[in-house]
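# Close look at the chain arrangement
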Amino acid sequence: MSEQREPVGVIGVGWVGLVTAACFAELGHPVVARDILAEKVAALSRGEVTIHEPGLEEMLRRNAERIAFTTDMSELLAGARLLFVCVDTPPTYSGDADLSRVRAVVEELPEGSDHVLIMKSTVPAGTGEAIRRDLPGLSYVSCPEFLKEGTAVEDFMHPDRVVIGADPGDEDAAAAVADLYEPLGEILHTDVSSAEMIKLASNAFLATKISFINEIANVCEEVGADVGEVARGMGLDERIGSSFLRAGIGYGGSCFPKDVTALKMLAGNTGYHFQLLTAVIEVNELQKRRVVGKLRAHLGSLLGKRIALLGLAFKPDTDDMREASSLVLAARLQGEGAEVVAFDPVASERAGELLEGVELTGSAMAALDGADAVVLVTEWREFAELDWADAANRMERALVVDGRNFLDPAALAAAGFEYEGIGRSASDRRISASSVARVQSTPRSLRP
Ligand code: UGA
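Quick summary incoming for the structure in this document. (Residues numbered from 1 in each chain as written. Predicted model: local features only at pLDDT ≥ 70, side-chain atom pairs only at ≥ 80, totals over all residues. Heavy atoms only, no water.)

## What to know about the overall build of the chain
When helices and strands are counted, the chain shows 19 helices and 14 strands. In summary, the chain has a C-alpha radius of gyration of 25 Å against a globular reference of 22 Å for 448 residues, a match within 12%. If one aligns the C-alpha atoms of the chain with their principal axes, the spans along those axes are about 80 × 55 × 50 Å. Excluding contacts between residues fewer than 6 apart, the proportion of contacts in the chain whose partners are at least 24 apart in sequence is 72%. (Helix = DSSP H or I, 4+ residues; strand = E, 2+ residues; numbered from the N terminus. Rg over C-alpha atoms; globule rule 2.2 N^0.38 Å. Contact = heavy atoms within 4.5 Å.)

Dropping the structure here:
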């Protein structure tokens with residue numbers, strides 16, 4: 001049955017490419033996935049998954065017969081007409097997106113080929129137009145990816161929206177791509193430049209929401225308000241929405257930092273100064289460092305202090321360390337003369353290559369042994385379930401800075417901890433909904 005479905009080609013099997021390959025195979029399409037790294041291709045062909053992404057390994061195993069991994073471009077070109085470009089576009093020194101890998105792919109396409117190039121890599125608006133200018137016969141479709149690491153498979157299979165951008169002349173190509181996505185959800189058809197902008201603007205807006213709530217959290221600390229309550233109250237307004245209003249020690253990952261800067265630079269290259277994004281970036285940089293001030297407020301000088309970091313990846317359910325807040329934090333703590341010890345359930349191996357001088361432990365408890373303070377950096381579920389009373393006994397000083405407002409302050413206080421969150425007021429200042437309900441049910445004349 002799978003042979004009747006349109007074959008799909010994937011170029012670049014990083015996070016997006018591998019998820020795209022697995023999910024189209026799951027939908028019944030034969031898939032040829034090509035990468036230039038022979039080692040990666042060999043590992044994937046043996047069934048070894050190179051990244052940590054929930055559900056992905058099982059999906060690849062289930063569909064192993066439908067997916068061929070190769071380093072050979074001609075095998076890809078022979079195997080599929082629809083080619084998804086999923087190579088990375090890291091920032092260059094200037095902050096613009098590095099399109100060299102995208103260009104290398106385009107250069108490998110034979111002239112006059114009837115293939116459709118479908119751009120999933122995040123590229124500046126105008127890239128599609130430039131590629132079409134260079135290869136006049138080529139069909140080109142922009143199909144930006146909106147999946148999140150940690151829930152990538154779920155996001156691919158149940159997207160909020162699928163955006164397909166095509167310019168006049170490529171209507172058939174757009175229809176072929178729309179057919180692939182038809183079982184998944186609502187499709188928005190646009191021109192290529194608008195599709196490219198939708199991707200950048202979406203990431204920049206989400207990053208803006210995070211920096212905004214982080215600034216609100218910092219003000220909450222000054223005025224004694226609680227950012228969790230503030231975000232909940234704001235989020236109930238459906239024009240604002242409740243998602244991406246979690247205050248913390250800043251956003252990281254392979255997308256937000258790169259894409260916000262790329263959009264700022266894209267605007268700058270046209271002569272427009274995108275002021276708002278400058279602030280978004282600066283707030284995020286400073287937010288990672290606020291933890292150091294919080295530790296100093298409790299411990300004084302950090303010289304010789306042993307500080308434990310729980311979580312290193314840029315978010316839970318991934319081993320991705322790109323632009324992780326832990327990198328800046330660890331370096332700043334070391335700069336203050338602290339001894340840094342850390343644990344992450346899956347990212348330790350990748351982190352080890354990046355965190356020079358940081359002691360990595362095999363368990364969370366081992367990281368806490370003898371520590372003067374612990375900073376929760378990544379909100380892995382297992383950290384909420386830790387035996388915090390035991391942790392308090394093992395530590396030199398039971399002090400926790402919760403960089404993700406993830407732990408229960410009352411439970412931590414009961415376990416003997418001094419607790420500091422980000423923009424969280426002391427729990428004893430809050431009244432609970434149930435105590436308000438109790439008062440409401442008391443006749444007015446009897447209320448205190
Ligand atoms: C992000 C977007 O959410 C995806 O839609 C997009 O497809 C992807 O980038 C991409 O361009 O490829 P991702 O980087 O996987 O996805 O991670 P997010 O879940 O968006 O989180 C990014 C960072 O923001 C994390 O460090 C997270 O801890 C932080 N964050 C997120 C907050 O600090 N507060 C929040 O309320 C939400």
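## Some remarks on the packing of helix 9 (residues 192-223) against helix 10 (residues 227-235)
Between helix 9 and helix 10, the least distance of the axes is 9 Å, while the angle of their chain directions is 135°. By the criterion of interaxial angle, the relationship of helix 9 to helix 10 is oblique. Crossing hand, helix 9 versus helix 10: right-handed. Contact with helix 9, carried on its side by Phe212, Ile213, Ile216, Ala217 and Cys220, involves Val227, Val230, Ala231 and Met234 of helix 10 and no other residues of that element. (Axes fitted to C-alpha atoms, helices over the stretch in contact; angles between N-to-C directions. Parallel < 35°, antiparallel > 145°, perpendicular 65-115°, else oblique. Left-handed = near helix turned anticlockwise from the far one by under 90°.)

## Re the sheet that holds strand 13 (residues 399-402)
Read from one edge of the open sheet, six strands run 11-10-9-12-13-14, paired in parallel fashion. Single-partner strands in this sheet number two, and they are strand 11 (359-360) and strand 14 (418-420). Pairing analysis gives two bridges linking strand 10 (residues 339-343) to strand 11, with the strands arranged parallel. The residue of strand 11 that forms the bridge with Val341 is Glu359. Contacts from helix 12 (residues 275-299) reach strand 9 (306-310), strand 12 (373-376), strand 13 and strand 14, with the element oriented near 160° to strand 13. On top of the sheet, helix 13 (residues 325-335) reaches strand 9, strand 10 and strand 12; it is set at about 175° to strand 9, its chief contact. (Pairing = 2+ DSSP bridges.)

## Things to note about the site of the ligand
As a matter of local geometry, the ligand sits amid 19 residues, with Phe146, Leu147, Glu149, Lys199 and Asn203 nearest to it. Phe314 places a polar main-chain atom, nitrogen or oxygen, 3.0 Å from an oxygen atom of the ligand. In the complex, the protein chains occlude 94% of the 720 Å² of accessible area that the ligand would expose alone. Where the shell around the ligand is concerned, the elements lending two or more residues are helix 9 and helix 11 (256-269). (Near = heavy atom within 4 Å. Polar contact = N/O pair within 3.5 Å; in protein donor to acceptor, adjacent residues only side chain to side chain. Areas by Shrake-Rupley, 256 points an atom, 1.4 Å probe, with all protein chains shown as cover.)

## Some remarks on unusual backbone geometry
Positive phi, normally seen in glycine, also occurs at Asp317, with a value near 65°. For Asp317, the position within the fold is in the loop between strand 9 and helix 13. With a phi close to 55°, Glu323 is a non-glycine residue in the positive phi region. Looking at the secondary structure, you find Glu323 in the loop between strand 9 and helix 13. Relative accessible area serves as the criterion here: at 42%, Glu323 is assigned to the partly exposed category. (Buried < 20%, exposed > 50% of the residue type's maximum accessible area, 1.4 Å probe, protein only.)

## Let's talk about the pairing of strand 13
Here strand 13 shows a buried face lined by Leu399 and Val401 and a second buried face lined by Val400 and Asp402. Direction of pairing for strand 12 relative to strand 13: parallel, over a ladder of three bridges. Bridge pairing links Leu376 to Asp402 in strand 13. Note that strand 13 and strand 14 share three bridges and pair parallel. Each residue of the ladder has a partner; that of Val401, found in strand 14, is Glu420.

## Quick notes on the environment of Val87
In this structure, Val87 sits in the loop between strand 4 (82-85) and helix 5 (100-108). Of the residues examined, Val87 reaches a relative accessible area of 14% and is grouped as buried. C-alpha separation for the pair Val87 and Ala389, spaced 302 residues apart in sequence, amounts to 47 Å. Those residues in contact with Val87, other than ones at most four positions away along the chain, are Ile11, Gly12, Arg101, Val102, Val105 and Ser121.

## Points about the environment of Ser142
Structurally, the position occupied by Ser142 is in strand 6 (residues 139-142). With a relative accessible area of 4%, Ser142 lands in the buried category. Each C-alpha atom of the pair Ser142 and Ala166 lies 6.4 Å from the other, and the pair is 24 residues apart in sequence.

## Some points on the pattern of salt bridges
Inspection of the entire model under this criterion finds 30 salt bridges. Asp320 is paired through a salt bridge with Arg322; the nearest N and O atoms lie 2.9 Å apart. A relative accessible area of 38% means that Arg322 is categorised as partly exposed. The network of salt bridges with shared partners includes Glu221, Arg290, Lys294 and Glu420. (Salt bridge = Lys/Arg side-chain N within 4 Å of Asp/Glu carboxyl O.)

## Re the packing of aromatic side chains
Counted by the stated rule, this structure contains ten aromatic pairs. Taken together, a centroid distance of 6.0 Å and an interplanar angle of 40° make the contact between Phe156 and Tyr181 tilted. Taken together, the positions of Phe156 in helix 7 (residues 152-157) and Tyr181 in helix 8 (residues 171-181) put the pair 25 residues apart, joining distant regions of the chain. Neither residue differs from the other here; Phe156 and Tyr181 are each classed as buried. (Phe/Tyr/Trp six-rings, centres within 6.5 Å; stacked < 30°, edge-to-face > 60°.)

## Some points on the nonpolar core
By size, the foremost hydrophobic cluster in this structure holds 45 residues, and its most contacted members are Phe24, Phe69, Phe156 and Tyr181. Setting aside chain neighbours within four positions, we find Phe69 in contact with Val13, Leu18, Ala33, Val41, Leu44, Ser45 and Leu60. (Core = buried A, V, L, I, M, F, W, Y, C linked by side-chain atoms within 4.5 Å.)

## Looking at the side chain of Glu53
The topology assignment puts Glu53 in the loop between helix 2 (38-45) and helix 3 (56-62). One buried charged residue, Glu53, forms no salt bridge at all, with the nearest opposite charge on Lys315 at 7.2 Å. At 2.8 Å, the side chain of Glu53 forms a polar contact with the backbone nitrogen of Gly150. When neighbours within four sequence positions are excluded, Glu53 is seen to be in contact with Trp15, Lys148, Glu149, Gly150, Thr151, Ala152 and Val153. (Lys, Arg positive; Asp, Glu negative; His and termini not counted.)

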